[in-house]
6 protein chains.
Amino acid sequence: MTAAVCPGSFDPPTNGHIDVIERAARHFGEVLVAVTANPSKKPLFSLEERIELLQGALSHLDNASVSSFDGLLVDLAREHAATVIVKGLRVPSDFEYEVQMAQMNQVLNRGLDTMFMAASPSWAFVSSSLVKEVAHHGGSIDELVPQGVSEALRRLSES
Amino acid sequence: MTAAVCPGSFDPPTNGHIDVIERAARHFGEVLVAVTANPSKKPLFSLEERIELLQGALSHLDNASVSSFDGLLVDLAREHAATVIVKGLRVPSDFEYEVQMAQMNQVLNRGLDTMFMAASPSWAFVSSSLVKEVAHHGGSIDELVPQGVSEALRRLSES
Amino acid sequence: MTAAVCPGSFDPPTNGHIDVIERAARHFGEVLVAVTANPSKKPLFSLEERIELLQGALSHLDNASVSSFDGLLVDLAREHAATVIVKGLRVPSDFEYEVQMAQMNQVLNRGLDTMFMAASPSWAFVSSSLVKEVAHHGGSIDELVPQGVSEALRRLSES
Amino acid sequence: MTAAVCPGSFDPPTNGHIDVIERAARHFGEVLVAVTANPSKKPLFSLEERIELLQGALSHLDNASVSSFDGLLVDLAREHAATVIVKGLRVPSDFEYEVQMAQMNQVLNRGLDTMFMAASPSWAFVSSSLVKEVAHHGGSIDELVPQGVSEALRRLSES
Amino acid sequence: MTAAVCPGSFDPPTNGHIDVIERAARHFGEVLVAVTANPSKKPLFSLEERIELLQGALSHLDNASVSSFDGLLVDLAREHAATVIVKGLRVPSDFEYEVQMAQMNQVLNRGLDTMFMAASPSWAFVSSSLVKEVAHHGGSIDELVPQGVSEALRRLSES
Amino acid sequence: MTAAVCPGSFDPPTNGHIDVIERAARHFGEVLVAVTANPSKKPLFSLEERIELLQGALSHLDNASVSSFDGLLVDLAREHAATVIVKGLRVPSDFEYEVQMAQMNQVLNRGLDTMFMAASPSWAFVSSSLVKEVAHHGGSIDELVPQGVSEALRRLSES
């Protein structure tokens with residue numbers, strides 16, 4: 001049984017993120033969603049909120065769990081005996097950057113492979129940052145994110 | 001146990017192909033290498049030769065087998081109960097094309113997901129067509145392809 | 001009232017083509033769909049068939065017409081007093097190629113501008129060549145092309 | 001008569017921006033240049049200055065006007081009954097990002113289409129940020145921006 | 001004194017080719033323009049014609065010469081004691097392909113480096129194939145190619 | 001004898017940087033490594049440290065020297081009578097950005113040409129920022145950077 005890690009900042013999780021995690025969970029024995037504790041950009045949602053939003057959106061998956069990490073992904077993978085990193089790719093330039101990460105991770109741990117999944121056409125244009133920008137200006141993003149995220153964004157823009 | 005299909009024309013197989021298949025075989029229960037019977041360009045090696053070259057280079061893998069296919073990949077996957085297609089990507093533009101294939105395959109069979117693996121840096125520049133061109137002009141490609149392929153190319157250029 | 005030309009080989013037309021033409025027809029006074037008589041690759045459908053398939057799929061548009069051309073697009077545009085070329089783009093590499101055509105066309109006729117529209121997410125992965133390949137192998141492409149095209153492809157693969 | 005919106009931060013406007021607006025104004029009945037009030041990066045020129053610089057450079061166009069916006073582009077378009085967004089693209093990666101915006105805007109307002117125009121070869125390498133950097137170090141950018149912008153940059157670097 | 005090779009099929013040479021060769025000749029002691037004898041696509045102009053067209057367009061350069069090659073570029077470079085390959089790049093996807101060639105050439109001869117020069121903005125959209133297509137349909141390409149090429153294309157389209 | 005400039009922020013220098021400089025020094029009479037005094041992002045290492053790290057890693061090259069610059073690269077090149085800028089490219093999107101810089105520099109000084117060299121496959125995924133991130137989290141980057149850089153990073157993460 002292969003264990004896979006799905007890393008990301010998930011600020012906030014979108015339907016595209018959930019779709020990739022669901023598909024990974026069909027093919028791997030276990031999927032650990034790993035939330036970056038300190039992403040390079042200051043996040044809109046706290047680490048706790050991002051974990052909670054993911055847990056809400058993934059409650060239907062028996063073999064998926066959510067945790068945080070603050071260090072090297074290779075260390076997290078080793079701790080959880082995961083041998084695969086799964087990354088969703090939305091656009092070609094994502095690939096360019098993620099390949100560098102994948103190759104670096106292979107240098108740090110030769111047994112750890114990265115597998116990329118293409119976002120579904122319906123979600124390929126949905127980035128977390130675009131979702132935040134639209135929601136901030138009062139646009140409706142209900143069809144683009146899990147219900148819990150949509151509600152959380154609404155609470156934020158009303159406060 | 002997840003079964004995966006690695007499709008390609010493998011004309012001829014390179015070290016980059018073998019590397020991706022080896023890595024896929026570490027993470028999936030079974031890997032079926034599927035050789036395109038009739039690739040769009042007329043192949044240098046016959047279908048039988050390409051299968052034999054792959055079998056020679058993959059004999060150390062217990063859970064990998066080689067077969068041909070001439071039709072839709074989704075049909076082949078269904079016959080072998082494979083739920084994952086594994087494709088190696090060498091360059092960003094590979095990604096652009098393969099994503100279209102992956103999305104088309106999802107339309108044809110929603111349960112069939114494509115996972116991409118980046119070629120190792122050492123093999124990212126090694127394409128089958130470049131290997132053939134160099135070998136045709138007498139250049140040495142011994143470090144870039146399995147030994148069997150290197151010998152087969154030498155026989156061809158001597159004949 | 002601005003007249004626009006939508007050039008292409010349309011071998012066959014897909015839902016993506018039709019979507020771009022429909023959207024162009026909303027914003028320009030007149031849209032002339034210009035079918036390449038002699039595309040660089042030998043087409044599956046004859047010029048007459050391709051024109052007929054387009055006319056069938058565009059019959060609901062009052063301000064769109066279909067014709068063929070065999071020469072320079074700038075000459076066709078001049079004859080029809082069109083000042084805009086509209087091209088749908090599916091993937092970033094389309095852009096790279098089409099920009100060169102657009103800049104060449106500006107050299108040949110400074111008053112002729114090219115405007116690009118991005119394919120809808122649902123059709124961005126649907127190319128004419130992929131559609132032909134899937135249909136050839138008996139896959140269902142009913143959701144991806146106009147009904148007339150779907151029937152024409154079925155007739156071809158049965159004959 | 002179709003009304004089009006040309007959005008941007010224009011910090012400062014370059015010859016490339018002016019060229020795209022001029023070409024848009026040839027094909028659409030009305031062109032509204034919409035200046036982002038609060039761009040993501042702190043602008044060098046204030047909103048008022050950017051509007052003034054654009055008005056100076058566009059005074060020869062009868063059907064172009066300049067205004068600011070601070071919200072969703074779809075809302076601005078609705079207020080002005082514009083049905084087209086026109087964006088200039090300088091490089092392939094611009095396309096990748098702008099397609100996501102275009103598809104998001106279609107989700108928010110199905111009647112609003114984005115049309116892309118390629119920058120003229122002479123201006124494709126001229127970005128606002130590169131212009132600012134060169135001017136800051138005393139390089140001459142007179143051939144790359146409207147005269148008013150050139151003077152404004154000179155005043156800044158002298159102060 | 002460093003000798004450089006500028007390889008290509010030059011079918012026909014364009015102003016972009018000449019510009020890159022001129023700039024290379026400013027920085028290297030000697031520039032050998034190497035014309036592919038048997039390009040993958042059947043050329044419009046014979047090898048002799050392509051060499052003659054280049055010689056005509058480069059007669060003002062003291063340190064440039066033209067020859068043909070039919071084999072590996074690394075062998076040609078070794079024969080002429082050239083240590084640099086110079087390639088012009090018109091678009092980002094050129095880079096992707098040419099990097100693979102450059103890395104392969106380094107495997108075949110570690111002392112041989114490839115240096116890329118970006119096409120001038122005025123010529124980046126001018127490819128040999130686009131020039132042939134426009135000329136074939138009677139369009140004027142006089143501003144895009146050397147005078148000798150322009151005349152040769154005219155003779156061809158009149159015959 | 002041609003003099004070349006290799007500009008960069010080198011925060012810190014990697015094996016990829018050193019490899020490009022070494023290869024440039026084989027083909028040009030003199031190579032001036034020019035360290036950006038004030039890069040757009042706040043550097044981890046001071047200007048003095050970055051110069052020292054480079055000098056340590058380049059001590060085996062007779063014709064390479066290191067200096068800083070804070071202004072326009074064209075001015076630095078003019079002062080040192082350099083006629084070539086050499087830039088290493090790691091990924092296709094580097095090319096897109098650097099071409100704009102190269103074309104801008106040609107506008108500012110027509111005699112100054114930029115030549116691009118592709119990173120060796122072994123170093124193409126090694127960016128300064130990725131190296132800093134891995135080192136910060138205690139990962140080993142000894143194989144990816146010169147020894148002096150590796151030690152400097154270790155000192156930083158221990159302090």
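Residues numbered from 1 in each chain as written. Chains lettered and ligands numbered in written order. Predicted model: local features only at pLDDT ≥ 70, side-chain atom pairs only at ≥ 80, totals over all residues. Heavy atoms only, no water.

Regarding its fold elements, chain A presents six helices and five strands. Starting at the N terminus and walking to the C terminus, you meet the elements of chain A as β-α-β-α-β-α-β-α-β-α-α. By its C-alpha atoms, chain A is 45 × 30 × 30 Å across when sized along the principal axes. Contacts in chain A between residues far apart in sequence, at least 24 positions, make up 76% of those at least 6 positions apart. Placing the 12 positive and 20 negative side-chain charges of chain A at their respective mean positions leaves the two points 3 Å apart. (Helix = DSSP H or I, 4+ residues; strand = E, 2+ residues; numbered from the N terminus. Contact = heavy atoms within 4.5 Å. Lys, Arg positive; Asp, Glu negative; His and termini not counted. Charge placed at Lys NZ, Arg CZ, Asp CG, Glu CD.)

The next thing to look at is the relation of the copies chain B and chain A. Related by rotation about an axis and a shift along that axis, the two copies of the chain form a pair. Once turned by 180° and shifted 0.0 Å along the axis, chain B lies on chain A with an RMSD of 0.0 Å. Taken together, the rotation and translation relating the two chain copies correspond to the operation of a two-fold axis. Judged by C-alpha distance, B:Phe116 is the residue of chain B that lies nearest the rotation axis, at 2.4 Å. Mapped onto chain A, 100% of the interface residues of chain B are again interface residues, and the two copies thus contact each other with one and the same surface. (Least-squares fit on C-alpha atoms with pLDDT ≥ 70 in both.)

Superposing chain E onto chain B takes a rotation of 120° combined with a translation of 0.0 Å along the rotation axis, leaving an RMSD of 0.0 Å. A rotation of that kind, with that shift, is consistent with a three-fold axis. Taking C-alpha positions as reference, the residue of chain E nearest the rotation axis is E:Ser93, located at 4.5 Å.

Note: most residues except glycine have negative phi, and most peptide bonds are trans. In this model, A:Asp11 is joined to A:Pro12 through a cis peptide bond whose omega is 0°. You can see A:Pro12 is positioned in the loop between β1 (3-8) and α1 (15-27). Its identity as a non-glycine residue notwithstanding, B:Phe10 has a phi of 50°, on the positive side. One can find B:Phe10 in the loop between β1 (3-8) and α1 (15-27). Positive phi outside glycine occurs at E:Ala81, with the angle close to 55°. For E:Ala81, the location among the structural elements is in the loop between α3 (73-79) and β4 (84-89).

Bringing the interface of chain E and chain B into the picture now. Many descriptions give the size of an interface as the accessible area lost when the pieces come together. The partner chain B presents 13 residues to the 10 residues of chain E that form the contact. Of the roughly 1,100 Å² buried between chain E and chain B, counting both surfaces, carbon and sulfur atoms make up 71%. Counting the surface chain E buries against chain B, the share from its top three residues, E:Glu96, E:Gln100 and E:Met104, is 50%. The tally of links from chain E across to chain B stands at zero salt bridges. In this structure, the connection of chain E to chain B is made through two residue pairs in polar contact (both at pLDDT 80 or more). Considered class by class, the residues forming the side of chain E that touches chain B number five nonpolar, three polar and two charged. (Buried area = accessible area lost by both parts, 1.4 Å probe. Salt bridge = Lys/Arg side-chain N within 4 Å of Asp/Glu carboxyl O. Polar contact = N/O pair within 3.5 Å; in protein donor to acceptor, adjacent residues only side chain to side chain. Nonpolar A, V, L, I, M, F, W, Y, C, P; charged D, E, K, R; others polar.)

In this section: the arrangement of the chains. With no contact between them, chain B and chain D keep their nearest C-alpha atoms 12 Å apart. Here chain C and chain F are not in contact; the least distance found between their C-alpha atoms is 12 Å.

Our next topic: the confidence of the model for chain A. The predicted model of chain A has a mean per-residue pLDDT of 95, with 100% of residues at 70 or higher. Scored by ipTM, the complex comes to 0.94, with pTM at 0.96. (pLDDT = per-residue confidence, 0-100.)

A few words now on the pattern of salt bridges. Applying the stated criterion across every chain yields a total of 42 salt bridges over all chains. The closest approach of N and O atoms between B:Arg23 and A:Asp113, which form a salt bridge, is 2.9 Å. Placement of B:Arg23 in helix α1 and of A:Asp113 in strand β5 (residues 113-118) is noted, with the two residues assigned to different chains. One salt-bridge network, held together by shared partners, links A:Asp19, A:Arg23, A:Arg26 and B:Asp113.

Let's shift gears to the interface of chain B and chain A. Between chain B and chain A, the contact holds 26 residues from the first and 26 residues from the second. Interface of chain B and chain A: buried area, both sides summed, is about 2,200 Å²; carbon and sulfur atoms make up 59% of it. Summed over the three residues of chain B that lose the most area to chain A, namely B:His27, B:Phe95 and B:Met115, the buried surface amounts to 29% of that side. Summed over the shared surface of chain B and chain A, the result is 15 residue pairs in polar contact (both at pLDDT 80 or more). Those elements giving two or more residues to the side of chain B that touches chain A turn out to be α1, β4 (84-89), α4 (92-108) and β5 (113-118) of chain B.

The full count for this structure, using the stated rule, is 12 aromatic pairs over all chains. For the pair C:Phe28 and D:Phe28, a centre-to-centre distance of 5.5 Å together with 25° between the ring planes defines the contact as stacked. Linking C:Phe28 in the loop between α1 (15-27) and β2 (30-36) with D:Phe28 in the loop between α1 (15-27) and β2 (30-36), this pair reaches from one chain into another. Residue classification places D:Phe28 among the buried positions, given a relative accessible area of 3%. Ring geometry for D:Phe95 and D:Phe116: centres 6.0 Å apart, planes at 75°, overall edge-to-face. Here D:Phe95, found in helix α4 (residues 92-108), pairs with D:Phe116, found in strand β5 (residues 113-118); they are 21 residues apart in sequence, far enough to count as distant. Comparing D:Phe95 with D:Phe116, the two get one shared label, buried. Members of the aromatic cluster, connected to one another through ring pairs, are A:Phe95, A:Phe116, B:Phe95 and B:Phe116. (Phe/Tyr/Trp six-rings, centres within 6.5 Å; stacked < 30°, edge-to-face > 60°. Buried < 20%, exposed > 50% of the residue type's maximum accessible area, 1.4 Å probe, protein only.)

Glancing now at the pairing of β4(B). Residues and elements named next belong to chain B. Counting buried positions along β4 gives five out of six residues, so the element sits mostly inside the fold. Bridge analysis of β1 against β4 gives two bridges, and the strand direction is parallel. The residue of β4 that forms the bridge with Ala4 is Val84. Here β4 pairs with β5 via six bridges, running parallel. Pairing of Ile85 across the sheet is with Thr114, part of β5. (Pairing = 2+ DSSP bridges.)

Here we come to helix α5 (residues 128-136) of chain F. Two residues of an α-helix separated by three or four positions point the same way, owing to the 3.6 residues in each turn. Taken together, the buried positions of α5(F) are F:Ser128, F:Leu130, F:Val131, F:Val134 and F:Ala135. All buried residues of α5(F) project into a common sector of 160° when viewed along the axis, lining one side. The elements touched by buried residues of α5(F) are α4 (92-108) of chain A together with α1 (15-27) and α6 (147-158) of chain F. With its phi angle positive at about 85°, F:Gly138 sits one or two positions after the end of α5(F). (Arc of directions from axis to C-beta.)

The next thing to look at is the side chain of E:Asp19. Residue and element names in this part refer to chain E. When you line up the elements, Asp19 lands in helix α1 (residues 15-27). Overall, the relative accessible area of 10% leaves Asp19 in the buried class. Setting aside anything within four residues of it in sequence, one finds Asp19 in contact with Ser120 and Trp123.

So, about the side chain of F:His27. Along the polypeptide, F:His27 turns up in helix α1. Among the residues examined, F:His27 registers a relative accessible area of 5% and is labelled buried.

Between its terminal C-alpha atoms helix α4 (residues 92-108) of chain F stretches 25 Å, which fits the 24 Å expected from 17 residues at 1.5 Å a residue. Across the 17 residues that make up α4(F), a large majority, 13, are buried. (Expected span 1.5 Å × (residues − 1).)

Time to look at the environment of A:Ala119. Along the chain, A:Ala119 turns up in the loop between β5 and α5 (128-136). Residue A:Ala119 is classed as buried on the basis of its relative accessible area of 7%. Linking A:Ala119 and A:His17, residues 102 residues apart in sequence, is a C-alpha distance of 8.3 Å. In contact with A:Ala119, other than residues within four places in its own chain, are A:Arg23, A:Leu89, A:Arg90, A:Ala124 and B:Gln103.

Turning our eyes to something else, we now look at the pairing of strand β3 (residues 64-69) of chain E. Residues and elements named next belong to chain E. Inspection of the sheet shows strand β2 (residues 30-36) paired to β3 by six bridges, in the parallel sense. Across the sheet, residue Val35 finds its bridge partner in β3, namely Ser68. Taking the sense of rotation as the criterion, the β-α-β connection linking β2, helix α2 (residues 47-57) and β3 turns out right-handed. (Right-handed = clockwise from strand over helix to strand, strands pointing away.)

A few words now on the environment of F:Leu112. Residues and elements named next belong to chain F. In this structure, Leu112 sits in the loop between α4 and β5 (113-118). Relative accessible area serves as the criterion here: at 1%, Leu112 is assigned to the buried category. Discounting chain neighbours no more than four positions away, the residues touching Leu112 are Val74, Ala77, Ala82, Thr83, Val84, Ile85 and Gln106.

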